[in-house]
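So the chains spell out like this:
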Amino acid sequence: MRERVPRRRLLPRVPAWLATGLLRPLAEDEERAQYWVRHVRTGVLLTQLCGWTTLVHLLVAPTSARVDRALLLLAGGVVLASPLLLVLPLRQMMRDLRGCLLFYGWSLATTAVVALGARLDGGAESPLWAMLFVTLAFMAVAYPPVGVALTGAVMAAAHLFVVADEIDSHVVFTASVMAIFTLCCTFTSANHWAAQDRQVLLLRTQEALATTDPLTGVPNRRAFLERLEQAVARAGRGERAVVCIVDLDGFKAVNDLEGHAAGDAVLRAVAVALTAAVRETDTVARLGGDEFAVLADALLPVDDATLADRLRAAVATVGAGHGVTASVGRALVASEDDVAGVLHRADAAMYRAKAAGGDRVHELAG
């Protein structure tokens, strides 16, 4: 996964609260990235419509020949240049801060072009400045609320100090209406981002529930198999990984003699102990019943046996009061392996350890 550049490095002089309010990653998955790509396409379409509308306006209600030529060049440039945004690597940009920066730069450029066009077309009397309302509406579903408010303020300032020849009651009223519209867009943006945050939280919760064992809190069989599949793919590129199957000895007696509540407590304690015995980058999972699995990456050959024995000792420690130990089967993920093959060897090794009396480790080579 690509490491994101911290906002602090990109904008070292911007206060943290302002950077957080202005710059938010737009997408964390492909589906959301595609949503923002479609949003860019919609923005390009709106820009094209505004450009063509300006050209029609100039042809129907011309002013002076000099101004007409300048405006024609400006509007024609917008029509020709805006599709170039689609050439950018949009899907990748939407996954980091470049997505936000694209929209901010786009809106500021639009503000500058509209303000210049309105100024050339007669100042405050020109209808061209009204296109800024289109930009504000587009922003409401793209920018965080702080970004909408600040960009809207820039647009109102552009109308006051660039478009208008002088500040009178008419200009102030128009700028006030734009400020009110900016406030409405800010509320819309806040609702949009709140809904998006709720949706992301819901999806993450569902994903966590689908990949987590509810009793022990460690990854479940589904999550383990997905990570093992990735390890198998990496083994094809020469990276090492080892799988250990940990099956509890004497666990059935705990359920029979002490009850299922005591058995559940033992399983939770074993999960904690196994997790403490490995690195943060390793995976401890419950495959079902009293069977656990560990996937460890990038171990040296000499460390494989050490890891397996550490897992065995961890279970022996927490299970001592209940007569519970562990049989551990170990198998190296080979470059020619598949998921089923690795699990079969690790399972076979575990059963040999159990057949030899339990509380021991066995390895089965590929």
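Residues numbered from 1 in each chain as written. Predicted model: local features only at pLDDT ≥ 70, side-chain atom pairs only at ≥ 80, totals over all residues. Heavy atoms only, no water.

What follows deals with the pairing of strand β1 (residues 241–249). Here is the key point about a regular strand: its side chains alternate between the two faces of the sheet. With 9 of its 9 residues buried, β1 lies for the most part within the structure. Covered by surrounding structure in β1 are Ala-241, Val-243, Ile-245, Asp-247 and Asp-249 together with Val-242, Cys-244, Val-246 and Leu-248, the residues of both alternating faces. Inspection of the sheet shows β1 paired to strand β3 (residues 291–297) by 7 bridges, in the antiparallel sense. When the sheet's bridge partners are listed, Ile-245 is paired in β3 with Ala-293. Direction of pairing for β1 relative to strand β4 (residues 325–332): antiparallel, over a ladder of 8 bridges. (Buried < 20%, exposed > 50% of the residue type's maximum accessible area, 1.4 Å probe, protein only. Helix = DSSP H or I, 4+ residues; strand = E, 2+ residues; numbered from the N terminus. Pairing = 2+ DSSP bridges.)

With that settled, consider the sheet that holds β1. The strand order across the open sheet formed by 5 strands is β2-β3-β1-β4-β5, and the pairing between neighbours is mixed. Every other strand in the sheet has two partners, leaving β2 (283–288) and β5 (360–363) as the edge strands with one partner each. Within the sheet, the average angular offset between the axes of one strand and its neighbour, ignoring direction, is 20 degrees. The pairing of β4 with β5 spans 4 bridges and is classified as parallel. Paired with Gly-329 across the strands is His-362, a residue of β5. Packed onto the sheet, helix α14 (residues 339–355) meets β1, β3, β4 and β5 and runs at close to 145 degrees relative to β4. (Axes fitted to C-alpha atoms, helices over the stretch in contact; angles between N-to-C directions. Contact = heavy atoms within 4.5 Å.)

What follows is about the nonpolar core. Formed by 44 residues in total, the largest nonpolar core has its most connected members in Trp-36, Val-40, Met-94, Phe-103 and Met-178. Put simply, the parts of the chain that give this core at least two residues each are α3 (30–60), α5 (90–93), α6 (98–120), α7 (131–140), α8 (145–163) and α9 (169–211). Among the elements that take part in this core, α6 stands out by supplying 8 residues, more than any other. In terms of nonpolar packing, the next biggest core, distinct from the first, is built from 28 residues, Leu-248, Ala-262, Ala-273 and Leu-307 among them. (Core = buried A, V, L, I, M, F, W, Y, C linked by side-chain atoms within 4.5 Å.)

Turning next to the pattern of salt bridges. Following the criterion strictly, the structure yields 17 salt bridges and no others. Where Glu-226 meets Arg-222, a salt bridge forms, and the shortest distance between an N and an O atom there is 3.5 Å. Residue Glu-226 and its partner Arg-222 are both found in helix α10 (residues 221–235); the two are separated by 4 residues, about one turn of the helix. With a relative accessible area of 37%, Glu-226 lands in the partly exposed category. Residue Arg-222 is classed as partly exposed on the basis of its relative accessible area of 47%. (Salt bridge = Lys/Arg side-chain N within 4 Å of Asp/Glu carboxyl O.)

The next subject is the environment of Gly-152. Locating Gly-152 in the fold gives a position in helix α8. Sequence separation between Gly-152 and Gly-358 is 206 residues; the distance between their C-alpha atoms is 71 Å.

The terminal C-alpha atoms of α8 lie 26 Å apart, and with 19 residues this matches the ideal 27 Å at 1.5 Å per residue to within 8%. Within the span of α8, buried status applies to Gly-147, Val-148, Thr-151, Gly-152, Met-155, Ala-156, Ala-158, His-159, Leu-160 and Val-163. (Expected span 1.5 Å × (residues − 1).)

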